[in-house]
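Understanding the architecture of this molecule
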Amino acid sequence: DKAPLSKSLLLVPSATSILLTLLFQHYQKFFAYNLQAVKEDFQIWRLVCGRSICLDLKDTFCSSLLIYNFRIFERRYGSRKFSSFLLGTWMLSALFDLLLVEITQYIFGITINSLPSGFLGPVFALFVPFYSSIPRVQVTQVLGHFSITNKSLVYILGLQLLTSGSYIWILALSGLISGICYNSSILKVHRILCVPRWVAKIFSWTLEPVFSSAEPTNEVRVGMGATVDIQRQQRMELLDRQIMMSQVAQMRRQRQQQGGMINWNRLFPPLRHRHNANYQDHRPSEQGIPPPTEVSEEQVARLMEMGFSRGDALEALRASNNDLNVATNFLLQH
């Protein structure tokens with residue numbers, strides 16, 4: 001739900017990889033990531049084909065699981081920003097692939113003619129926002145010293161994908177570097193390598209209805225996980241949703257009694273006054289109340305692209321002090 005691009009990346013490349021492996025082996029040569037052909041014969045099309053479809057089913061399985069876990073970024077940022085990140089890191093990682101191959105040959109004397117195929121550069125690049133923006137929640141401990149968190153499984157999948165081939169470490173390193181460059185506020189790469197708005201609208205009209213999913217109508221029952229750790233994580237998520245829903249129900253009752261819009265200050269009082277030195281016990285004086293926060297139109301547009309109304313987007317951004325992640329998380333919950 002709310003992640004059509006992630007769904008398309010799961011279905012189309014995986015189905016193509018399975019067909020190439022089982023039925024159309026003679027077409028696999030067109031999807032080989034042959035760097036020698038790119039550099040010597042200028043077959044630039046191999047950069048597109050070779051960096052899109054995995055020819056190893058193990059790589060297909062691991063990358064599909066990672067994309068499924070990283071769908072949270074499409075829900076948080078919107079499909080346009082998420083696709084811009086994938087496009088930008090795909091282009092940057094292609095450049096870093098060539099540079100790392102040349103550096104390896106110059107330093108170690110190792111000639112690398114081909115690399116593992118697949119949409120691996122952007123997948124590894126997604127570990128950068130995953131590490132920096134997803135909170136770490138401890139689930140359990142092993143032997144009393146090693147912590148198991150909600151992010152451990154994703155890192156294990158990344159390690160499994162990293163060890164699946166001889167030179168896949170080059171793709172991993174180039175992906176991580178491209179992710180850091182794209183997220184850098186100094187380089188401003190995200191302003192240059194982005195999907196134009198009109199292109200995003202075209203794909204929204206044509207492909208999004210095909211890969212979109214209906215919003216779930218029923219909650220998933222607790223205890224359906226395959227392991228005790230997964231069941232514990234499900235209970236934690238369910239408890240968090242129940243707390244958020246109780247807060248919203250309380251605000252709605254207050255709105256029905258008093259009339260008017262939802263009092264967003266009840267949800268985010270620390271955010272609205274975190275820069276106010278006179279703020280104490282969530283009861284600021286009238287003189288200490290800061291002026292209304294100016295809302296970025298770009299962030300409003302991102303929330304509207306995700307399907308929220310302009311009024312809700314404005315109120316959420318004002319209440320969260322222009323924190324797009326906090327505003328998005330609340331709107332997605334309600």
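Only a predicted model underlies this, so the values are computations on that prediction, with no experimental measurement involved.

Our focus in this paragraph is helix α9 (residues 152-162). All buried positions along α9 are accounted for by S152, V154, L157, G158 and L161. Contacts from the buried residues of α9 go to α4 (57-69), α7 (120-125), α8 (127-133), β4 (146-149) and α10 (168-183).

Of note in this structure, F42 is not a glycine but carries a positive phi near 55 degrees. Position of F42 relative to the elements: it lies in the loop between α2 (35-41) and α3 (45-50). Of note in the backbone geometry, K188 takes a positive phi value of approximately 60 degrees without being a glycine. Within the secondary structure, K188 is located in the loop between α10 and α11 (189-192).

Looking at the second largest pocket, its volume works out to about 630 Å³. What lines the second largest pocket is a set of 24 residues, among which K81, Y182, H190, E298 and R302 lie closest to the centre. Listed by contribution, the elements that provide at least two residues to the lining of the second largest pocket are α6 (79-108), α8, α10, α11, α16 (297-305) and α18 (324-333). Partitioning the lining of the second largest pocket into residue classes produces 7 nonpolar, 9 polar and 8 charged. Of the residues that make up the lining of the second largest pocket, three or more belong to each of domain 1 (4-134 + 149-212) and domain 2 (296-333).

Below, the discussion takes up the packing of aromatic side chains. One pass over the full model with this rule turns up 11 aromatic pairs. Seen from their ring centres, F24 and Y27 are 6.1 Å apart, and the 55 degrees between their planes marks the pair as tilted. One aromatic cluster in this structure is built from F70, F73, Y77, F124, F127, F130 and Y155. The ring centre of F130 lies 5.0 Å from the NZ or CZ of K151, which sits over that ring.

Looking now at the pattern of salt bridges. One pass over the structure, following the stated rule, counts 4 salt bridges. Residue K39 pairs with E102 through a salt bridge whose shortest N-O separation is 3.1 Å. In this pair, K39 is assigned in helix α2 and E102 in helix α6, connecting sequence segments 63 residues apart. The salt bridge partner of R318 is E315, with a shortest N-O separation of 3.5 Å. Here E315 and R318 lie together in helix α17 (residues 310-319), a separation of 3 residues that amounts to about one turn. Overall, E315 belongs to the partly exposed group, its relative accessible area being 21%.

Moving on: empty space enclosed by the protein. Regions of empty space are outlined by a rolling probe, equal in size to a water molecule, passed over the atoms. Under the counting rule described, the total for this entry stands at 3 cavities of 30 Å³ or more. One number sums up the size of the largest cavity: a volume of about 100 Å³. What lines the largest cavity is simply L9, P13, S14, S17, S52, C54, T60, S63, S64, I67, F119 and V123. Listing elements by their share of the lining of the largest cavity, those giving two or more residues are α1 (4-22) and α4. In terms of residue class, the lining of the largest cavity is made up of 6 nonpolar, 6 polar and no charged.

To continue, consider the environment of T328. Within the element layout of this structure, T328 appears in helix α18. Under the relative-accessibility criterion, T328 is labelled buried at 0%. Once the C-alpha coordinates of T328 and A313 are considered, the two residues, 15 residues apart in sequence, prove to be 8.5 Å apart. Once residues lying within four places of it in the same chain are set aside, the contact partners of T328 are R75, R76, L303 and M306.

Here the focus is the nonpolar core. Among the nonpolar cores identified, the biggest contains 42 residues, and L66, F70, F73, L115 and L161 are the most heavily contacted of them. Listing elements by their share of this core, those giving two or more residues are α2, α4, α5 (71-77), α6, α7, α8, α9 and α10. For this core, the element with the most residues is α6, which contributes 8 residues. Excluding residues that lie within four positions of it along the chain, F70 makes contacts with F82, V123, L126, F127, F130 and V154. Residues V295, F308, A313 and L324 belong to the second largest nonpolar core, which totals 12 residues.

Attention shifts here to the UniProt feature "transmembrane region" (unreviewed entry) in the protein. When the UniProt feature table is mapped to this numbering, "transmembrane region" (unreviewed entry) covers residues 6-24, 85-108, 114-132 and 153-177. Counted over residues 114-132, helix gives 63% and strand 11%. Its end C-alpha atoms are 32 Å apart.

Running from N to C, α1 and α4 point in directions that differ by 175 degrees, and their axes come no closer than 10 Å. Relative to α4, the element α1 is oriented roughly antiparallel. Contacts from S6, L9, L10, S14, S17, I18 and T21 of α1 reach α4 at L57, T60, S64, I67 and Y68. Its residues assigned to classes, the contact of α1 with α4 comprises 6 nonpolar, 6 polar and no charged.

One can find S14 in helix α1. The class of S14 is buried, set by a relative accessible area of 13%. Within the structure, S14 has its side chain in polar contact with the backbone oxygen of L10 (distance 2.6 Å). Among residues more than four places away in sequence, those in contact with S14 are T60 and S64.

Cut-offs and rules
Residues numbered from 1 in each chain as written. Predicted model: local features only at pLDDT ≥ 70, side-chain atom pairs only at ≥ 80, totals over all residues. Heavy atoms only, no water. Buried < 20%, exposed > 50% of the residue type's maximum accessible area, 1.4 Å probe, protein only. Helix = DSSP H or I, 4+ residues; strand = E, 2+ residues; numbered from the N terminus. Contact = heavy atoms within 4.5 Å. 1 Å grid on protein atoms, 1.4 Å probe; cavity = no way out; pocket = protein on both sides within 12 Å on 5 of 7 lines; lining within 4 Å. Points joined across faces, edges and corners; volume = space filled by probe spheres on them. Nonpolar A, V, L, I, M, F, W, Y, C, P; charged D, E, K, R; others polar. Domains from an automatic or database assignment. Phe/Tyr/Trp six-rings, centres within 6.5 Å; stacked < 30°, edge-to-face > 60°. Lys NZ or Arg CZ within 6 Å of the ring centre and 35° of its normal. Salt bridge = Lys/Arg side-chain N within 4 Å of Asp/Glu carboxyl O. Core = buried A, V, L, I, M, F, W, Y, C linked by side-chain atoms within 4.5 Å. UniProt positions renumbered as here; feature names shortened; annotations may be inferred. Axes fitted to C-alpha atoms, helices over the stretch in contact; angles between N-to-C directions. Parallel < 35°, antiparallel > 145°, perpendicular 65-115°, else oblique. Polar contact = N/O pair within 3.5 Å; in protein donor to acceptor, adjacent residues only side chain to side chain.

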